[in-house]
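Residue-level listing of the chains:
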Amino acid sequence: MIKKLSIKSFTIISMFLIFISSGYLFYQSFLDTKNNTRVLLEENIQFNILNTKYYLEKNLNIENPNRIKPYLNNIVYTNDIIKAMTILDTKNNIIYQTTLSDDFKHDHTNCIGMSHIIDSNIFKQRCYTFSIKFFNKLEPYYYHGIIELDSNYLNMFVKNKIIKYFSFFIIYIITIMITLWLIINKVIIHPLEKLRQYAYYSTKIPRPFFINEIEGIRYSLEFTFKRLKKEQDELFNLSTRDPLSGLYNRLSLIERINWLISKGKRAKNNFAVLFLDLDNFKNINDSYGHNFGDIVLQHISEVLLNVVRDNDIVARLGGDEFVVVLTDVKNDKEILSVLKRIKIELSLPVTYEQYTYNASCSIGISLYPKDGNNVTDLLKNADIAMYKAKDLGKNDFQFFEQTLQEEIQERMKIQALMIDGLENHYFELYYQPKVDIRTNKIVACEALVRLIDPKTGIISPDKFITIAEENNFIIPLGDWIIEQATNQLRIWSNTALKDIKLSINISIVQLNNNAKLFETIKYNIKDLDVSKLDIELTESVLIKDFDEKLKIIHKLKELGLSISLDDFGTGYSSLSYLKTIPFDTIKIDKSFIDDFENSQDRSFINMIVAIANELNIEVVAEGVENKKQLEFLKDIKCQQYQGYLCSKPLPIHKFEKLFLNQV
Amino acid sequence: MLVSSHIIGVVMKKIIFTIFISLLILSSCSKKENTELKISTNPWIGYAPLFYAKEMGYLETLNISLIHNISLSESTKLYSIGKVDMIAATQHEYFALKEIGEDIVPIALLDRSDGGDIVLSNKSIDQLKNADQIFAYLEIDSINIDIIKDFIKHHKLDMNKIEFINADQVQITELKTSKNKNMLIVTYVPYNYNLEENGFIQLASTKDLNQIIVIDAILVNKKILITHRDKLQEFKSIINKSIYEITKNKQASYKLVKKYLDNMPYKEYEESFDLIKWENIPSKEILDKLKNISYESKYLIK
């Protein structure tokens, strides 16, 4: 682990090292100066000794030594470092001594010779000796001189030097330290602390720094933070915004609705959640491609943003689903105003390249707090209302009501039942007889699928067939019906019911998936008398992609099946169908039979039967419930009827029993 | 923070290292790599190789400098107070310095006086023998004293009649002959030429005085010898080389060294070489003679 060290500690250590090194340098400088001074002083002493020696060797008169006294006194008095001088003769008798040094004892055992002055330390040496050479004729003899040093002066001299150096050192080092500390604090520590704060909080950008390297770090940090902020914003947008439309995504929507709920609880504010789903948007993608689909979605987004207020929320949940939250809603009038604007704006065509599209949408509305006090309920209920609007014909809006909730629950229950229905045998085919009006005999029947809830019993086909078509469950269910019906025909083929013709209904969803339908039927009618199988189609299934539908009808006809047109007279009934499509049977819708006493309806029934007879198409009247209706049908020569007059749809064993009883 | 701490640690190490190196350099700067050695000389034809070596720049390469004095006595004083490291001197200075405690040794012989040290007078030997009083001028504290002693002994002069006057060679050179004064002078080349011009006549020289040997050598403190043995070895080689070059081309050497020899004329310069014998490579005979006078020769550099 790396040991951490603050800049301040680092600076203090550095300053300590500078203190030590400066102290060392000062000490060395002091020693050097002291040494130079020593040398100068020693040279001074040498000079004086040499001069004295020379003077004495030339001028000392042994008989009158006092003559040298003034000269020697002068040497001593004018020299601060010489305290006293003594001259001794060959017998160590004093022939001269400086008067000032009365207490001086001429013990020169600790004195060193003048040749060693340079090697000595004048600050520690008390005295020096020198010899004075004389000749008696040609024989040499020596006097000795002793020079006593003024140790007080020398000590004071050194002491003064030390004080001077120490004072200078202290002033110098304090000045340097303070200056250094202020400079480092100003240009390093303070900027680094600012950088640290900037790196930690990344708020206030420090001004450019004096030190190049620190400025480099500041610039890099600033650059990096700007880039990070940009990336952060981009990431935030990615996480909160829908990339295609730029609107809030589901996550942000939930967050904002939650915030509105919190705010609403405190301020008693209401708001409305509008759940928008484009009508038939799938067709746009399928027909014009996804690029155009994206353009439409972007257009819708712009429209929604333009029609709402600034404080309203617009989000795209995905696909063609949008949510608009109208905040601070006082009454339904405000909502209706927005809905109206949305409808008007959306009605304007969208053009892209050669394509033009007129958008419409279904809108479900839930209100806070009436329809939910949490985001899940509000969105779910708006969604339910939206589906209701779609059910009611699209391009409209629907406020959520509690009944819608129940519908949805019912729907969900049916969906759940259907999912396991095939495996658990919740589905069962019921058979409703078709009776020959002339003979009053059962000649055919229509297989009708029933969903049986183990708890509550039979569920009406009106309820579950639509759901099955919406979630494509009708495909496996249709296959099951074909399989069950054809099996039943096989069973009947060796019984008294062998001549019964069996009709099955084919859904639009199955017909859209025509290849599979054809293969399924073809597979199930093997070794079967196909003339006994009839396919019933409603008019509505033929409206779209008519040519495609016609092809499959022809192919089914080629297999030998007969085709019936169910619910004839309702919806988009067109006589051209009868001309173009080779129907074998048309089934007059029950609504005409119910109102047969109405002259207009009687005329229609008459006309249908007449046309059918003319075209050699069999006619089956649906929903015959009384004898008057039957008599009428007999009069106009309608071939067959189907209805409660004979029997409601029956389970197989009851139907068979009914048939056998008539026989 | 971790990164910045690491950077600070690295910088810290560098600073400490730099300070350490700086202190090391500073401390090493205080020591001299090639210490200067000073050699004290005086005007003497036997020291011409030293003057020549200096002028040729041979000594400069060894960082040896010359201190030029009037007399040997001055040279000795300089040595005794530690102002010079070496001294070119005779055996007299050698013994004198030994006597006052100097641990001095000869490391290179230069020459032997073979007529270079001279006794002059304004009178003949006989006149001096008969004189009541003789004034002898000499550098008492020099080899002069040995020469005059030998002269007195050889000519059996009465010591009591002689008054010895201590004077340096410059003072001696200024002496004039006086009819009423019996003057005896001990001098050496080149100071003798002025004196001879002034009327003094040569009575004896080291060529005649066979009892005494005057040897010039480089004397050095034993400590210096130990500390600078290699340098002194080279110095000896330079001496040999200089003697060779001087004797081979006197004319050329004269131009270089005359200023050290009081600008003596070339003729005198040329004649001076006849008054000395080079002893830089000493013979056994001379070494034996030195042994007889207790002159240490074991430190002589070969």
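Residues numbered from 1 in each chain as written. Chains lettered and ligands numbered in written order. Predicted model: local features only at pLDDT ≥ 70, side-chain atom pairs only at ≥ 80, totals over all residues.

1. Points about the overall build of chain B
Link 1 in the chain: Along the backbone of chain B there are 14 helices and eleven strands.
Link 2 in the chain: Buried residues in chain B amount to 44% of all 302 residues.
Link 3 in the chain: Sequence-distant contacts in chain B: of pairs separated by 6 or more residues, those separated by 24 or more amount to 80%. (Helix = DSSP H or I, 4+ residues; strand = E, 2+ residues; numbered from the N terminus. Buried ≥ 20, exposed ≤ 12 C-beta atoms within 10 Å, placed from the backbone. Contact = placed C-beta atoms within 7 Å.)

2. Quick notes on helix α8 (residues 332-347) of chain A
Residue and element names in this part refer to chain A.
Link 1 in the chain: Counted at 1.5 Å a residue, the expected span for α8 with its 16 residues is 22 Å, and the 22 Å between its end C-alpha atoms agrees.
Link 2 in the chain: Residues of α8 that are buried: Ile335, Val338, Leu339, Ile342 and Leu346. Looking straight down α8, one finds that the buried residues subtend no more than 100° of arc, so they occupy a single side. Facing away from the buried side of α8 by more than 90 degrees, the exposed set consists of Lys333, Ser337, Lys340, Ile344 and Ser347.
Link 3 in the chain: Where α8 is buried, its residues touch β6 (271-278), α7 (290-307), β8 (321-326), β11 (361-368) and β12 (397-399). (Expected span 1.5 Å × (residues − 1). Arc of directions from axis to C-beta.)

3. Description of unusual backbone geometry
Link 1 in the chain: For the bond running from Tyr368 of chain A to Pro369 of chain A, omega is 5°, close enough to zero to count as cis.
Link 2 in the chain: You can see Pro369 of chain A is positioned in the loop between β11 and α9 (375-391).
Link 3 in the chain: Note the cis peptide between Val189 of chain B and Pro190 of chain B, where omega equals 15°.
Link 4 in the chain: Secondary-structure assignment places Pro190 of chain B in the loop between β8 (183-188) and α9 (191-197).
Link 5 in the chain: Even without glycine at this site, Asp567 of chain A takes up a positive phi of about 55°.
Link 6 in the chain: Examined against the element boundaries, Asp567 of chain A turns out to sit in strand β18 (residues 562-568).
Link 7 in the chain: Take Asp567 of chain A: there are 19 C-beta atoms within 10 Å of it, and that puts it in the partly exposed class.

4. A short note on the sheet that holds strand β1 (residues 82-88) of chain A
Residues and elements named next belong to chain A.
Link 1 in the chain: Taken in spatial order, the five strands make up an open sheet running β2-β1-β5-β4-β3, and their pairing is mixed. Looking at which strands have only one partner, the edges of the open sheet turn out to be β2 (94-97) and β3 (112-113).
Link 2 in the chain: Bridge analysis of β1 against strand β5 (residues 139-149) gives six bridges, and the strand direction is antiparallel. Across the sheet, the residue bridging to Ile82 is Leu149, located in β5.
Link 3 in the chain: Strands in contact with helix α1 (residues 7-59) are β1, β4 (127-136) and β5; relative to β4, the strand with the most contacts, it is inclined by about 20°. (Pairing = 2+ DSSP bridges. Axes fitted to C-alpha atoms, helices over the stretch in contact; angles between N-to-C directions.)

5. Regarding the sheet that holds β6 of chain A
All names here are of chain A.
Link 1 in the chain: If you walk across this open sheet you meet the five strands as β7-β8-β6-β11-β12, and the pairing is mixed. Because the sheet does not close on itself, it has two edges, and the strands there are β7 (313-318) and β12. Here the average twist between neighbouring strands, direction ignored, is 20°.
Link 2 in the chain: Bridge count for β6 against β11 is eight bridges, and the pairing is antiparallel. In the strand pairing of β11, Ala272 is matched with Leu367.

6. Notes on the packing of helix α4 (residues 72-80) of chain B against helix α5 (residues 91-99) of chain B
All names here are of chain B.
Link 1 in the chain: The contact between α4 and α5 brings their axes to 11 Å, and the two run at 30°. Two packed elements cross with a definite hand, and for α4 against α5 that hand is right-handed. Between α4, through Leu72, Thr76, Tyr79 and Ser80, and α5, the contact on the second element is made entirely by Glu93, Ala96 and Leu97.
Link 2 in the chain: Residue classes in the contact of α4 with α5 are distributed as four nonpolar, two polar and one charged. (Left-handed = near helix turned anticlockwise from the far one by under 90°. Nonpolar A, V, L, I, M, F, W, Y, C, P; charged D, E, K, R; others polar.)

7. Considering the confidence of the model for chain B
Link 1 in the chain: When pLDDT is averaged along chain B, the result is 87; 89% of the residues meet or exceed 70.
Link 2 in the chain: When the criterion is pLDDT under 50, residues 1-5 of chain B qualifies, and its contacts beyond four places in sequence or with other chains add up to four contacts. (pLDDT = per-residue confidence, 0-100.)

8. Focus: the nonpolar core
Nonpolar side chains in soluble globular proteins tend to be buried together.
Residue and element names in this part refer to chain B.
Link 1 in the chain: Of all hydrophobic cores here, the largest spans 78 residues; its most connected members are Ile39, Val119, Ile185, Ile218 and Leu219.
Link 2 in the chain: When residues of this core are assigned to domains, at least three fall in each of domain 1 (37-114 + 213-292) and domain 2 (117-205).
Link 3 in the chain: With near-sequence residues (within four places) excluded, Val119 lies in contact with Ile147, Ile148, Phe151, Leu184, Val186, Leu203, Ala204 and Ser205. (Core = buried A, V, L, I, M, F, W, Y, C linked by C-beta atoms within 7 Å. Domains from an automatic or database assignment.)

9. Some details on the pairing of strand β3 (residues 86-90) of chain B
Residues and elements named next belong to chain B.
Link 1 in the chain: Counting buried positions over the five residues of β3 gives five, a clear majority of the element.
Link 2 in the chain: Residues Met86, Ala88 and Thr90 of β3 are buried on one face, and the alternating residues Ile87 and Ala89, pointing to the opposite face, are buried as well.
Link 3 in the chain: One ladder, built from two bridges, connects strand β1 (residues 37-41) with β3; its direction is parallel. Among the inter-strand pairings, Ile39 is bridged to a residue of β3, identified as Met86.
Link 4 in the chain: With five bridges joining them, β3 and strand β10 (residues 215-221) adopt antiparallel strand pairing. Looking at the pairing, Met86 lines up with Val220 of β10.

10. Points about the environment of Gln202 of chain B
All names here are of chain B.
Link 1 in the chain: Mapped onto the elements, Gln202 comes out in strand β9 (residues 201-205).
Link 2 in the chain: Considered as a pair, Gln202 and Leu120 are 82 residues apart in the sequence and their alpha carbons are 4.4 Å apart.
Link 3 in the chain: Once you skip the residues sitting within four places of it in the chain, Gln202 turns out to touch Ile118, Leu120 and Glu196.

11. Side note on the packing of helix α3 (residues 151-201) of chain A against helix α4 (residues 212-240) of chain A
Residue and element names in this part refer to chain A.
Link 1 in the chain: The interhelical angle for the contact between α3 and α4, taken along N-to-C directions, is 15°, at an axis separation of 11 Å. As summarised for this structure, α3 and α4 are arranged roughly parallel, according to the angle between their axes. Of the two elements, α3 crosses α4, and the hand of that crossing is left-handed. Facing Ile188, Pro191, Leu192, Leu195, Tyr198 and Ala199 of α3, the residues of α4 in contact are Ile214, Ile217, Arg218 and Leu221. (Parallel < 35°, antiparallel > 145°, perpendicular 65-115°, else oblique.)

12. Overview of the environment of Leu195 of chain A
Link 1 in the chain: Within the secondary structure, Leu195 of chain A is located in helix α3.
Link 2 in the chain: As for Leu195 of chain A and Ile205 of chain A, which are separated by ten residues in sequence, their C-alpha atoms are 8.7 Å apart.

13. Overview of α1 of chain A
Residues spaced three or four apart along an α-helix point in a common direction, a consequence of the helix completing one turn every 3.6 residues.
Residues and elements named next belong to chain A.
Link 1 in the chain: A rise of 1.5 Å per residue sets the reference length of α1, with its 53 residues, at 78 Å; its end C-alpha atoms lie 75 Å apart and thus fit the reference within 8%.
Link 2 in the chain: Residues of α1 that are buried include every one of Glu42, Ile45, Gln46, Asn48, Ile49, Thr52, Lys53 and Leu56, and no others.
Link 3 in the chain: The elements touched by buried residues of α1 are α2 (69-77), β1, β4 and β5.

14. Here's the deal with the environment of Lys551 of chain A
Link 1 in the chain: Following the sequence through the fold, Lys551 of chain A ends up in helix α15 (residues 546-558).
Link 2 in the chain: Between the C-alpha atoms of Lys551 of chain A and Ile581 of chain A, which are 30 residues apart in sequence, the distance is 9.7 Å.

15. Some words on the pairing of strand β20 (residues 618-622) of chain A
A regular strand places its side chains so that they alternate between the two faces of the sheet.
Residue and element names in this part refer to chain A.
Link 1 in the chain: Among the five residues in β20, four count as buried, and that is most of the element.
Link 2 in the chain: Both strand β19 (residues 585-588) and β20 contribute to a ladder of four bridges, which runs parallel. Paired with Ile586 across the strands is Val619, a residue of β20.
Link 3 in the chain: Alignment of β20 against strand β21 (residues 640-642), held across three bridges, turns out to be parallel.

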